[in-house]
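One letter stands for each residue in the lines below.
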Amino acid sequence: MDKLDVILEEKFGFKSFRPGQKDIIQSVLNGLDVLAILPTGAGKTLCYQYPSKMISGLTIVVSPLLSLMEDQVHQLRAAGDKTVYQLNSMLTFSERKYVLSQLKDDSMLFISPEMLGSEYIQKQLKSHPVGLFVVDEAHCISQWGHEFRTDYLRLKEVRKALGSPPCLALTATATPEVEDDIKKELHMRSPVVHRFSVNRENIRLIVEEANGVKEKEQLFIKSLEYIETPAIIYTATRNGAIEIAEKLKEKGITNTAYYHGGMSKEDRLLVQYQFLKDELDIICATNAFGMGVNKSNIRTVVHLHLPSSAEQYIQEIGRAGRDGKQSSSVLFFTKEDRRVPLNFIAQEFPTENELKVWFQSGLHTNGRIEAEELKQIYRIDETRWKMLSYYLQKADMIDGDYILLEKINDDMLNRLNHHFFGRKKKKETRFALFEELVLGENCIRSAILMYFGEEPSSLRENCCSKCGVKLTDLKKGGLTSDIDKEVFSWDIQLKRMFFPTTDGGS
Amino acid sequence: MSFIDWFLLTILSKLEGQRSAGGAFHILKGKRSAQTIQDVHLFHLKTYVGSMKDLSRENFDKKINEYIKVGLIINNNDHISLSVKGTEALSNLNKRFYLPEGYDGSKYEWTGLREVFWNRLSLIVQSVTHLIREEHSFIPVTYQLETQRWVRNFLKNTPLSVKELRDSLYNELYQFLNTLPSSRANLFTNRLSTPIATGRTFDQLCVAFYEDPLYTKVYFNSIIHQLLYQVSERKKEYGLLSKLIHDIVSTKMISESAKETEKLLNKGLELEEIMQVRGLKRSTIEDHFIELAINNHEFPILHFICKKDIEDVLTIASRFNTKRLRFIKDKLNNDISYFQIRLALTKAQEETSIG
Ligand SMILES: Nc1ncnc2c1ncn2[C@@H]1O[C@H](COP(=O)(O)OP(=O)(O)OP(=O)(O)O)[C@@H](O)[C@H]1O
Ligand SMILES: [Mg+2]
Ligand SMILES: [Zn+2]
């Protein structure tokens, strides 16, 4: 046992490092730029939490997904690490000021790219030396960089403005192409790459094609005989999640709830805790659920729709089996399901016609229009708007709050259109690759590994449905939930809450 | 039709066809503007105001369009009124839904008091029930940093031991819940998160409430309103719970900006001078005055409008049963300003509420 191991046990209570962690941490402590590619659930958080305690200076963690950031920060704080803070758009101005006033040199600050882009925040941060610049879920950088989200493109400048601290980027899903993007977008200097296989051997990969939506549902309902819980059921839409939860209740599976982004924050948290604490067996959710959920005993992840890429699929099934035990993922789909991800991709980018209408409809004769007004009139959503503004700004078509419509010509629109078209095609191709892998005859695991630039899999047993695993092979585990089935009246409940019985039984 | 329909139709019917859909929306959301404040008083909407803070404009518009389409409401020149069919639908809904006893939107929802109190209470209950079991790490049931910080400070600074804290909390909650029908008391305890069980969502608790999550939520909120009322009336008996809100002072609905204006007015400055000192538009200062006149009976209303004019306005308003400023102005036929009419109407509220 060397010094690193001792500190691991003392500060974090872990007996030993998991594969990859020690090497990555060592590289970071050596002050190098590091790109760490570790599978889902492998323990990437420790790879920056650990160094942040050892180095001098602030650790800045850029995290692209807001809800993930919140979950992570509250979990870390709950686990006793009070040096962790967050800055994002969900905080009020006075909260932000408070956080900034609390920062010390050994703090770990989670921050959204938007906040980090703010000049005010940057100025405030300058009073602290930054020891480490972390980008978690770094694959997002690659994608969002291409979509011209200014905040992502600026990350490298921000890093420089903060004194070019060493940089650590982490992700579970990076194809070689994405790997290159990450290095480039972050200006990493001869980075050390620690790449581990994306493969999760303890998760069986099952796909089942159905003939139409009806049959898909029947197949799924039938599979409940085999599916081990706790389980997550992913649906494409909010209504889908609600309906499936309803169906399950009809079938007598009562320990179930739905979860989607449209619910109030309070209710979302409650459902999440119920699931974490094994009070629910099954949660029916949209992809709003899961990224920050650290539940180790999830046995099954079911998809009732087609994810839009292998990356998304891998991230979502990666919620299963974090305790290392045998788990399963089951994907039910029909041919028509492809429309959902394809529509989703189409909606991300403005079409040729939209661009024409927005900028050339001649609505405003004086040659300029307030950006907000244009956005309002055509109800352009935030994401697409940010994408557009970046381009307009670069082409000098924006003057303060105004867009100079007079300067926007056919040539410019053509170029924009060309770019968006290309991006759309790229995403469609990514989906097509995933679809192919689901529809094809070959081992799914190997296909996924090859997609990420790895050698095919050598797993012999419990691999995937193309290698002979059947739904009926899954062992139905006993429902784990230990929620009181008995309904107590309020006075007994209150007593039990506040006065634990001596035998520890609660 | 569900609770949301009852709520929306109720508001629209109370607005007597004299306001737009937008006006109704602001009341639901509890917008802090002079117009909304005045509407709440004019149309007797104190119990309702600010109760639907989570409602998005998009969903609201959807509802309104739906009502128009099926003929429940009529949009006349941007004024919304209930049709005969709508009135019928509402009276049917009235048989089912109502605002539960003790519910007071303006006092507890509009001010945000219920929210702050419940956030603190639920986190304190979670903390104390964990600490009593010597469980020191748990993920907080609210992500609000302000609440977390408040509770942490509270626990740190209280002279009570964990056991004493537990006893007070238990006793005070027991005392209150014991006064409620058991279905309500059950609803309350089922929302609490403790090591024994996580709180249930309104969706999971709605069986006893026409399977309507929103109705369940309003029902739950009414319990908190009752608790807040008890706590403020009997500070001695609720020693611990009253500490949860003792730092939240002003529950009056006067905006910060209006308070600034009030200070200057009390110093004897005229409207024009206040405009200059504050660098604000005339209409803004007038809005402040309306706000102040509604909330403060000492407001020197006669400084801005004479007794006779007030009486004239009120007479017209009651004779034609209207609160439309334009109509009143046309009828009066003198050079009374809209501002003066609005000031006069604040008195209408007082008189009817006394009677
Ligand atoms: N050395 C270790 N020993 C035991 N448990 C560990 C160790 N390192 C991390 N863990 C635990 O593993 C779990 C997963 O860790 P973490 O959330 O960091 O995974 P991740 O790689 O970030 O996954 P994802 O890709 O899904 O974000 C956590 O519960 C964490 O406490
Ligand atoms: Mg992670
Ligand atoms: Zn295989």
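Residues numbered from 1 in each chain as written. Chains lettered and ligands numbered in written order. Predicted model: local features only at pLDDT ≥ 70, side-chain atom pairs only at ≥ 80, totals over all residues. Heavy atoms only, no water.

*Asks:* Before we go on, may I ask you to explain the overall build of chain B in this structure?
*Replies:* Helix and strand content of chain B: 19 helices and two strands. Viewed in the frame of its principal axes, chain B has a C-alpha envelope of about 75 × 55 × 35 Å. Within chain B, the fraction of its 355 residues that count as buried is 54%. Considering only contacts in chain B between residues 6 or more positions apart, those separated by 24 or more positions represent 68%. Accessible surface, chain B as shown: approximately 16,900 Å² in total, 49% of it carbon and sulfur. Across chain B, the 48 positively charged side chains and the 42 negatively charged ones have centroids separated by 2 Å. (Helix = DSSP H or I, 4+ residues; strand = E, 2+ residues; numbered from the N terminus. Buried < 20%, exposed > 50% of the residue type's maximum accessible area, 1.4 Å probe, protein only. Contact = heavy atoms within 4.5 Å. Areas by Shrake-Rupley, 256 points an atom, 1.4 Å probe, with all protein chains shown as cover. Lys, Arg positive; Asp, Glu negative; His and termini not counted. Charge placed at Lys NZ, Arg CZ, Asp CG, Glu CD.)

*Asks:* What should I look at first to understand the coordination of the zinc ion (ligand 3) in this one?
*Replies:* Six octahedral donors around a metal ideally sit at 90 or 180 degrees from one another, while four tetrahedral donors ideally sit at 109.5 degrees. Residues and elements named next belong to chain A. In this structure, Cys443 (SG), Cys463 (SG), Cys464 (SG) and Cys467 (SG) serve as the protein donors to the zinc ion (ligand 3), at separations of 2.3 to 2.4 Å. Around the zinc ion (ligand 3) sit four donor atoms, and with donor-metal-donor angles ranging over 101 to 117 degrees the site reads as tetrahedral. Each donor residue of the zinc ion (ligand 3) belongs to the same chain, and together they define the spacing C-x19-C-C-x2-C. For Cys464, a relative accessible area of 0% corresponds to the buried category. A residue is classified by how much of its surface remains accessible, and Cys467, at 43% relative accessible area, is partly exposed. (Donors = N, O, S within 2.8 Å, 3.2 Å for Na, K, Ca; no water. Tetrahedral: all angles 85-135°; square planar, octahedral: opposite > 155°, others 65-115°.)

*Asks:* I tried to follow the sheet that holds strand β5 (residues 130-135) of chain A on my own but got confused; where do I start?
*Replies:* Two modes of strand pairing occur in sheets, parallel and antiparallel, and in both the strands are linked by backbone hydrogen bonds. All names here are of chain A. The strand order β3-β4-β2-β5-β6-β1-β7 describes an open sheet built from seven strands, whose pairing is parallel. Edge positions in the sheet fall to β3 (84-87) and β7 (192-195), since each has one partner strand and no second. Ignoring strand direction, the axes of neighbouring strands in this sheet form an average angle of 20 degrees. Summarising the sheet, strand β2 (residues 58-62) and strand β4 (residues 108-111) pair through four bridges and their orientation is parallel. (Pairing = 2+ DSSP bridges. Axes fitted to C-alpha atoms, helices over the stretch in contact; angles between N-to-C directions.)

*Asks:* Where do I start with the domain arrangement of chain A in this structure?
*Replies:* Put simply, an interface is often sized by how much accessible area is lost when its parts join up. Residues and elements named next belong to chain A. Domain boundaries in chain A define domain 1 (3-196) and domain 2 (199-501). Computed over C-alpha atoms, the centres of domain 1 and domain 2 are 24 Å apart. Each partner contributes to the roughly 2,400 Å² buried at the junction of domain 1 and domain 2, and carbon and sulfur atoms together form 53% of this total. Run the count over domain 1 and domain 2 and you get three salt bridges. At the boundary of domain 1 with domain 2, the tally comes to six residue pairs in polar contact (both at pLDDT 80 or more). Contributing elements (two or more residues each) for the side of domain 1 that touches domain 2: α4 (66-78), α8 (139-146), α9 (150-153) and α11 (176-185). Counting residues per element, the side of domain 1 that touches domain 2 draws most heavily on α4, at four residues. For the side of domain 1 that touches domain 2, a count of residues per class yields 10 nonpolar, nine polar and 10 charged. (Domains from an automatic or database assignment. Buried area = accessible area lost by both parts, 1.4 Å probe. Salt bridge = Lys/Arg side-chain N within 4 Å of Asp/Glu carboxyl O. Polar contact = N/O pair within 3.5 Å; in protein donor to acceptor, adjacent residues only side chain to side chain. Nonpolar A, V, L, I, M, F, W, Y, C, P; charged D, E, K, R; others polar.)

*Asks:* How do you make sense of the site of ligand 1 when you look at a structure like this?
*Replies:* All names here are of chain A. Of all residues adjacent to ligand 1, which total 16 residues, the nearest are Gln21, Gly41, Lys44, Thr45 and Arg322. With respect to ligand 1, the side chain of Thr45 contributes an N or O atom lying 2.6 Å from an oxygen atom. With respect to ligand 1, the side chain of Arg319 contributes an N or O atom lying 3.0 Å from an oxygen atom. (Near = heavy atom within 4 Å.)

*Asks:* Explanation requested: the pattern of salt bridges in the structure shown.
*Replies:* Any two side chains of opposite charge can pair if their charged atoms end up close together. Residues and elements named next belong to chain A. Under the defined criterion, the tally for this structure stands at 44 salt bridges over all chains. Here Lys265 ties to Glu70 by a salt bridge, and the two come within 3.0 Å at their closest N and O atoms. Within this pair, whereas Lys265 is found in helix α14 (residues 265-276), its partner Glu70 is found in helix α4, the two being separated by 195 residues in sequence. In this structure, Glu114 and Lys386 form a salt bridge, with 3.8 Å as the shortest nitrogen-oxygen distance. Here Lys386 lies in helix α19 (residues 382-394) and Glu114 lies in helix α6 (residues 113-117), a separation of 272 residues in the sequence. Overlapping salt bridges bring together Asp2, Asp5 and Lys22 as one network.

*Asks:* Is there a simple way to think about the interface of chain A and chain B in this case?
*Replies:* Each side of the interface is counted separately: chain A has 40 residues, and chain B has 45 residues. The junction of chain A with chain B conceals about 3,900 Å² of combined surface from both sides, 59% of it contributed by carbon and sulfur atoms. When the buried surface of chain A facing chain B is broken down by residue, Trp490, Met497 and Phe498 of chain A rank first, second and third, together holding 22% of it. At the boundary of chain A and chain B, one finds four salt bridges. Asp267 of chain A is the salt-bridge partner of Arg191 of chain B, the closest N and O atoms lying 3.3 Å from each other. Linking chain A with chain B are 19 residue pairs in polar contact (both at pLDDT 80 or more). Elements with a contribution of two residues or more to the side of chain A that touches chain B: α4, α5 (93-102), β10 (256-259), α14 and α22 (490-498) of chain A. For the side of chain A that touches chain B, the element with the most residues is α14 of chain A, which contributes 10 residues. Residue composition of the side of chain A that touches chain B, by class: 19 nonpolar, eight polar and 13 charged.

*Asks:* Where do I start with helix α4 (residues 57-70) of chain B in this structure?
*Replies:* Because an α-helix packs 3.6 residues into every turn, residues spaced three or four apart end up facing the same way. Residues and elements named next belong to chain B. With 14 residues, α4 should cover 20 Å at 1.5 Å per step; its first-to-last C-alpha distance of 20 Å lies within 8% of that length. Of all the residues in α4, the buried ones are Phe60, Lys63, Ile64 and Tyr67. All buried residues of α4 project into a common sector of 95 degrees when viewed along the axis, lining one side. Exposed side of α4, more than 90 degrees from the buried face: Glu58, Lys62 and Lys69 are the residues found there. Buried-residue contacts for α4 involve α1 (3-14), α2 (21-29), β1 (73-76) and β2 (79-82). Gly71 sits one or two residues past α4 and shows a positive phi near 80 degrees. (Expected span 1.5 Å × (residues − 1). Arc of directions from axis to C-beta.)

*Asks:* What am I meant to see in the side chain of Glu179 of chain A here?
*Replies:* By the secondary structure assignment, Glu179 of chain A is in helix α11. The class of Glu179 of chain A is buried, set by a relative accessible area of 12%.

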